[in-house]
Amino acid sequence: MANETARTPVQTTGHVWDGDLQEYNNPLPVWWIYAFYVTIAFAVIYWIIYPSWPVGSGFLKGVGSISYVNQQGEEESWHWNTRAKLLRETQAAAALQRPYYDKIASLPYDQITKDPELSSFVLSAGKAIFSDNCAPCHQAGGQGVIGHFPNLTDDDWLYGGTFEKISESIHKGRRGYMPPFGEALEAGQIDALANYVLSLSGLKADAEKAARGRELFHSHAAACYYCHGDDAKGRQDIGAPNLTDKVWLWADVPGAADDAGRLAAVRRVIAGGLDRGVMPAWEGRLSEEQIKLLTVYVHELGGGK
Amino acid sequence: MSKLKHEIIETNAGWLLVATMLAISVGGLVEITPLFMIDDTMEKVDGVRPYTPLEQRGRDIYIREGCYTCHSQMVRPFRDEQLRYGHYSLAAESKYDHPFQWGSKRTGPDLARVGGKYSNEWHVQHLIKPKSVVPESVMPNYPWLLTTPLDISDVGDRLRALRATGVPYSANAEEYRRNAERFGEDVARQLHIPDAQRNLVAQAQAGNFDGDRSSVTEMDALVAYLQVLGTMVDFRQYKPEDLVKYR
């Protein structure tokens, strides 16, 4: 250091600390200065090409432009901007998928599943749409969450597993409702009903209580039969589930540790009722074609009828 | 070597301060003043209204809990974002947001269009314990929202503060009348500051956002807020090429 200073004397700021500490006052390195000028030149070129400076109540539009097709099907263009670019890219991508979506829109459901090329398109595109929109509730594989969201992969359907019913579920959404019986019935009656409901699936239940529950189930006081049917096999028009098929959604019977736990789970549902099972409506949020594609996707998850 | 000219500034604290402020305010002025002058970038769309008292309290909780540290509220005009979240956000959609929640930090997904995407039940379950519905989630649990009663004592003051920034909440009959013309009676009633507490409780009770009608909790407010995000503009009314022209 001492040598260098001796060779090229540089300016100092003139301050001296502790007798010998000085501060150099070097000019900026030449490469740095030029790099700085280059960034200024870049900015000027950028202002010219892209929308930038405000002028009066408008702004400079840049020199670039982007063309896209408007809703009348005419080619139209506007100065370069990200919205126009998006519109153009969306239209280009739609054109690529058009052949598939046109076929999906025009073919009846069962023809779509028979066409191997279309089926694999449905599988890959459907998976992406399902992950973004449905998986947070029905889970990635469609297996659902007991107590909250139904399983879409089994052949047990609340509202029906035909293409038409699945499509209706997605379009309009669903909201199952069962009234709470906690006040209308006594604890003993609810316990009897719970025993009966468990016995319907062949689970362990007190035979005497179950018999009493069976009577109540078909009585006017409880009127369970009105929604769940005389045979307790459910009514798909109102989403009342089949209670005889060992498949549980709201009463966490499979998760209970013992017989007492299973009884308590069913009692809770009967006493508390159900009105939190809300499936949002997707009409308007997803396009018709996306819904049709999802309908086939859900149908093919394993349980379609 | 010649004496460097900026030495005058560098060796004088007063001048340095003035020059720094000048440099910074040029940047600020260039970015901010045009927003007051340019009138063709704010989309003319119907439906955007200020938040109801309940939604606004939900928004306060959203900010208090720092949800914005992981979530943005602006769908950018890119194809991948459009596919995942829906229509890109418009400037008009956040015109009543103070402070806006655009953001660029996304540990979780963008929430600008989350309204109506899920049920109230899902939101409650998800906020209590995200992993119970999205097993791979890294979002924290917010169980206290469900058990903490919502403090509604100062909701009128909060709306008054927003009114001072230009959000059209009404404080008198004349302002109410103007809101009724602009937004319709139903919305205008919700925006009337003297009725804020009553409106808040009524909306929470009718919407039953947290699944328990007996009390108004912070969960009620937050879910009401989440459910309105991005739902005010009906995009079927507008042609995509018309929105392009606001840029």
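Residues numbered from 1 in each chain as written. Chains lettered and ligands numbered in written order. Predicted model: local features only at pLDDT ≥ 70, side-chain atom pairs only at ≥ 80, totals over all residues. Heavy atoms only, no water.

Novice: Explain helix α7 (residues 163-172) of chain A residue by residue, including any values.
Specialist: What sets the pattern is the α-helix's 3.6 residues per turn: residues three or four places apart point alike. Phe163, Ile166, Ser167, Ser169, Ile170 and His171 of chain A are the residues of α7 of chain A that are buried. On its buried face, α7 of chain A is in contact with α4 (109-114), β7 (174-175), β8 (278-279) and α12 (288-299) of chain A. (Buried < 20%, exposed > 50% of the residue type's maximum accessible area, 1.4 Å probe, protein only. Helix = DSSP H or I, 4+ residues; strand = E, 2+ residues; numbered from the N terminus. Contact = heavy atoms within 4.5 Å.)

Novice: Summarise the pairing of strand β6 (residues 75-79) of chain A; cite the residues concerned and give the values.
Specialist: Each regular strand carries side chains that alternate between the two faces of the sheet. Residues and elements named next belong to chain A. Bridge count between strand β5 (residues 65-69) and β6: five bridges; the pairing is antiparallel. If you follow Ser67 over to β6, its bridge partner there is Ser77. Counted along the chain from β5 to the antiparallel partner β6, the turn is five residues long, and its residue Gly73 has a positive phi close to 85°. (Pairing = 2+ DSSP bridges.)

Novice: Outline the side chain of Ser201 of chain A, supporting the account with residue identities and numerical values.
Specialist: Residue and element names in this part refer to chain A. Tracing the backbone through its elements, the reader meets Ser201 in the loop between α8 (187-200) and α9 (207-217). Here Leu243 takes part through its backbone oxygen, which lies 3.4 Å from a polar atom of the side chain of Ser201. Setting aside chain neighbours within four positions, we find Ser201 in contact with Leu243, Thr244, Asp245, Lys246 and Trp248. (Polar contact = N/O pair within 3.5 Å; in protein donor to acceptor, adjacent residues only side chain to side chain.)

Novice: Describe the domain arrangement of chain A, and please don't skip the residues or the numbers.
Specialist: Residue and element names in this part refer to chain A. Here chain A is described as being made up of domain 1 (30-59), domain 2 (107-173 + 281-299) and domain 3 (174-279). Taking only C-alpha atoms into account, the centre of domain 2 sits 28 Å from that of domain 3. Counting residues at the interface gives 21 residues for domain 2 and 17 residues for domain 3. Carbon and sulfur atoms supply 56% of the area that domain 2 and domain 3 bury against each other, a total of about 1500 Å² over both sides. It is Ile146, Leu158 and Tyr159 in domain 2 that bury the most area against domain 3; as a group they hold 44% of the surface buried on that side. Counting the contacts that link domain 2 with domain 3 gives one salt bridge. Scanning the region where domain 2 abuts domain 3 turns up six residue pairs in polar contact (both at pLDDT 80 or more). In terms of residue count, the dominant contributor to the side of domain 2 that touches domain 3 is α7 (five residues). Of the residues that constitute the side of domain 2 that touches domain 3, the class distribution is ten nonpolar, six polar and five charged. (Domains from an automatic or database assignment. Buried area = accessible area lost by both parts, 1.4 Å probe. Salt bridge = Lys/Arg side-chain N within 4 Å of Asp/Glu carboxyl O. Nonpolar A, V, L, I, M, F, W, Y, C, P; charged D, E, K, R; others polar.)

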